[in-house]
Amino acid sequence: IKAIYALVFLAATALAVAAPASAGDPQIDTAKEQGVVGERIDGYLGIVDGGADPALIRRVQDINNKRRAAYDDLARQTGTTPEQVARVTGEKLVSGAERGQFVMDDSGKWKKN
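Given the structure is predicted, the values throughout are model-derived calculations rather than measurements. (Residues numbered from 1 in each chain as written. Predicted model: local features only at pLDDT ≥ 70, side-chain atom pairs only at ≥ 80, totals over all residues. Heavy atoms only, no water.)

### Quick notes on the overall build of the chain
Helix and strand counts for the chain come out as 4 helices and 4 strands. Within the chain, counting contacts between residues at least 6 apart in sequence, those at least 24 apart form 54% of the total. Here the chain displays about 6400 Å² of accessible surface, and carbon together with sulfur accounts for 54% of that area. (Helix = DSSP H or I, 4+ residues; strand = E, 2+ residues; numbered from the N terminus. Contact = heavy atoms within 4.5 Å. Areas by Shrake-Rupley, 256 points an atom, 1.4 Å probe, with all protein chains shown as cover.)

### Some details on the environment of Arg 40
Looking at the secondary structure, you find Arg 40 in strand 1 (residues 37-40). Spatially, the C-alpha atom of Arg 40 lies 9.7 Å from that of Thr 89, the residues being 49 residues apart in sequence. The residues contacting Arg 40, other than those within four sequence positions of it, are Leu 45, Gly 46, Gly 90, Val 94, Met 104 and Trp 110.

### Examining helix 2 (residues 26-33)
Of all the residues in helix 2, the buried ones are Ile 28, Ala 31 and Lys 32. On an axial view of helix 2, the arc spanned by its buried residues comes to 100°, and they lie on one face. Every exposed residue of helix 2 that faces more than 90 degrees away from the buried side is listed here: Pro 26 and Glu 33. On the buried face of helix 2, the contacting elements are strand 1, strand 2 (45-47) and helix 3 (54-78). (Buried < 20%, exposed > 50% of the residue type's maximum accessible area, 1.4 Å probe, protein only. Arc of directions from axis to C-beta.)

### As for the environment of Thr 81
When you line up the elements, Thr 81 lands in the loop between helix 3 and helix 4 (82-95). Counting along the chain gives 10 residues from Thr 81 to Tyr 71, while the straight-line C-alpha distance between them is 8.2 Å.

### Details of the nonpolar core
Counting residues in hydrophobic clusters, the biggest one holds 9 residues: Ile 28, Ala 31, Val 36, Val 37, Leu 45, Ala 52, Leu 56, Val 60 and Ile 63. Tallying contributions element by element places helix 3 first for this core, with 3 residues. (Core = buried A, V, L, I, M, F, W, Y, C linked by side-chain atoms within 4.5 Å.)

### Some details on the pattern of salt bridges
In the structure shown here, the tally under the stated rule is 10 salt bridges. Its salt-bridge partner being Arg 59, residue Asp 25 comes within 2.5 Å of it at the nearest N-O pair. On the criterion of sequence distance, the pair formed by Asp 25 in the loop between helix 1 (2-18) and helix 2 and Arg 59 in helix 3 is long-range, its members being 34 residues apart. In this structure, Lys 66 engages Asp 62 in a salt bridge whose closest nitrogen and oxygen atoms are separated by 3.5 Å. Of this pair, Lys 66 and Asp 62 both sit in helix 3, 4 residues apart, roughly one helical turn. Judged by relative accessible area, Asp 62 falls into the partly exposed class, the value being 31%. Linked by salt bridges that have partners in common, Asp 25, Arg 59, Asp 62 and Lys 66 make up one network. (Salt bridge = Lys/Arg side-chain N within 4 Å of Asp/Glu carboxyl O.)

Dropping the structure here:
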């Protein structure tokens, strides 16, 4: 039962930690709307189309680095692994993606939501 509570806490906290790393970023929001950037099931942003602008690629990398640091911190606090935190967050971000945006699931392929 203690493990279940930890997972519930992890799920609630992981999204609160990672989502602000890109929320409200006009460059990322526009790229998501255009289908250039999407949320991945592993908790990170990804470039949907390999022909993205280098500045956008750097921005995605910066956000992913911030997410990774947040996942590391939360994993230490909850006694889990960064991968578990990232996965739980990724599941929430993918399921919450707006209609028409791209998401990557376990298959490793981009799909329009």
